[in-house]
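Residues per chain are reported as follows:
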Amino acid sequence: MIWSDNLLLEGAAVLVAGVGIGFWLLRWRERSFRQALALKEQTVLEEARREAENLTREARLAANEEILKLRDQTEKSFSARRQELAELEHRLSERENLINHQLAGLVEQEKSLRAKHQGLEARQSDLEATQQQLQQLIKLRKEQLQRIAQLSENDARAALLKEVEEENQRSAAELSRHIIDNAKTKAEEQARRVISLAIQRYAGTHTFETTTATVALQGEDIKGRIIGREGRNIRAFEAVTGVTVLIDDTPNAVVLSGFDPVRREIAREAMQRLILDGRIHPTRIEEVVAKVTQEIDEAIVRAGEEAIFKLGLPPMQVEIVKLLGRLRFRHSFAQNILDHSIEVAYLCGLMAAELGVDVSAAKRAGLLHDIGKALNHEIEGSHAIIGADFIRRYGESEDVVNGVASHHDEVPHTNVLGILVSAADAISASRPGARSETMATYIKRIENLEQIGLSYPGVQKCFAVQAGRELRVIVQPEKVNDEQAYLLARGIVKKIEEELQYPGQIRVTVVRETRCVEFAK
């Protein structure tokens, strides 16, 4: 029994010792787990901190890069905007200069109109004074007639001769005045020709002038597409073609302004194609203008070759052919210069054949006489001189070169070709209808001329002939006698001078015809 109790005590002691050891092991394991967990948490926190630092650093770098990109884009946008504003200011400055120029022109026109008004008032006062003098002369005439009734035959004849002499002196004075006015008119025409030639040869940077081409539009909405966003399409078109585009000046139309007719033709054709295509942007504009330029260059060469072939001349140098073809787009007093040159060449050939001169050389000189008009402003000199220098560089004979250079008598004639070219040039230019106003204006002037003749009593028919240079008036013989016919011609002349504007002179011929018809039975 005692042994059993000891055994139970020992077992209990062992059990207590085992429980204590287990509890200690559990505490030790818990402590180890907590230490490992703390170590792991510290490691995880350290890795998370490092990862957060890396993410923060990468975010800062990305933010810095984005800030730099935004700054570059902002600077580029501001730079482009400043450039556009500068271009807009430049265009506004040009428009302002143009408006100032036009205002100055309007002021000058107003001054001119005021001066004309004052002149008309002075003329009216002169007419009133003339009417008073006429009344006095009529009164004096009556007194003279009363004295003549008491004069002898010789005295009356002497007074009549004196009166005729005074009338002739007045007619001579009027004729001299008419000659002076005609000389002034020719001087003004020559000045206009020189100015027109200078404008056509000028091909540099320019603003709006009278030399324009117009492209019709189907509606006003297409103008916005032509202008483009902030005007980029117009700027691209002007930069590529070298002409100025005017949008708002003419309704349902785009006006292309430029002195160089070839550039103006390229711009007109390109604008028409862009409007028909509908795709209007800078890239498309460059493509269309490049294609049209190539086609126009080919058309220029074809025009020059056709002119040479039409005249039956041997081939010429390519540069001469190109420059000759450019005359197709140039005009002088509404006359196409290439057609004028071909006409002059034909006339030179005909006259040379009559005189026994080299026909081929005469045709070459006639065809090339105005080739200097196709050269631009970079070459100084008259068109005859610079044209002669140009064809000399490409191997033309000295006879042809002198014929071109001397057709305006700027250099001495060394052969007959220059004289032939000068004569043919004058014939072609003076041909009725060759250099004149538009058809509508011409027809209106002819109608007004005939209406003036028909406005007088006793006029049966009235015809304007010789391109308006002569008016033939047929009167009724039973209503107008011979003396009245002279007075009628004089009155028609004065009315034409007062109401019409015309180049040169107009001849008035009054025809009075009496026909007596009898029949023998």
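Scroll up to find the structure this text is about.
To start, this report covers the structure provided alongside it. Worth saying up front: this structure is predicted, and the values here are computed from it rather than measured.

## Some remarks on helix H10 (residues 383-393)
- Looking at H10, one finds that the buried residues are His383, Ala384, Ile386, Gly387, Ala388, Phe390 and Ile391.
- Gly395 occupies a position one or two residues after H10 and carries a positive phi of about 90 degrees.

## Describing the nonpolar core
- Of all hydrophobic cores here, the largest spans 38 residues; its most connected members are Met316, Leu324, Leu367, Leu368 and Ile391.
- For this core, the elements supplying multiple residues, two or more each, are helix H6 (282-310), helix H7 (318-326), helix H8 (337-355), helix H9 (359-368), H10, helix H11 (398-405) and helix H12 (417-430).
- Take this core: its biggest share by element is 7 residues, from H8.
- Setting aside residues up to four positions removed in sequence, Leu324 forms contacts with Gly304, Ala307, Ile308, Leu338, Leu367, Leu368 and Ile371.
- One finds Ile234, Ala236, Ile285 and Ile296 within the second-largest nonpolar core, a separate group that totals 28 residues.

## Quick look at helix H5 (residues 261-277)
- The first and last C-alpha atoms of H5 sit 24 Å apart over 17 residues, in line with the 24 Å expected at 1.5 Å per residue.
- Looking only at H5, the buried set comprises Pro261, Val262, Arg264, Glu265, Ile266, Ala267, Ala270, Met271, Leu274 and Ile275.
- In the stretch just after H5, Gly278 is the one whose phi turns positive, near 90 degrees.

## Digging into the pattern of salt bridges
- On inspection of all chains with the given rule, the structure shows 20 salt bridges.
- Arg114 is the salt-bridge partner of Glu110, the closest N and O atoms lying 3.1 Å from each other. Linking Glu110 with Arg114, this pair stays in helix H1 (residues 2-148), spanning 4 residues, or about one helical turn.
- Its relative accessible area of 41% is what places Arg114 among the partly exposed residues.
- The network of salt bridges with shared partners includes Glu265, Arg268, Glu269, Arg273 and Glu295.

Cut-offs applied
- Residues numbered from 1 in each chain as written.
- Predicted model: local features only at pLDDT ≥ 70, side-chain atom pairs only at ≥ 80, totals over all residues.
- Heavy atoms only, no water.
- Buried < 20%, exposed > 50% of the residue type's maximum accessible area, 1.4 Å probe, protein only.
- Helix = DSSP H or I, 4+ residues; strand = E, 2+ residues; numbered from the N terminus.
- Core = buried A, V, L, I, M, F, W, Y, C linked by side-chain atoms within 4.5 Å.
- Contact = heavy atoms within 4.5 Å.
- Expected span 1.5 Å × (residues − 1).
- Salt bridge = Lys/Arg side-chain N within 4 Å of Asp/Glu carboxyl O.

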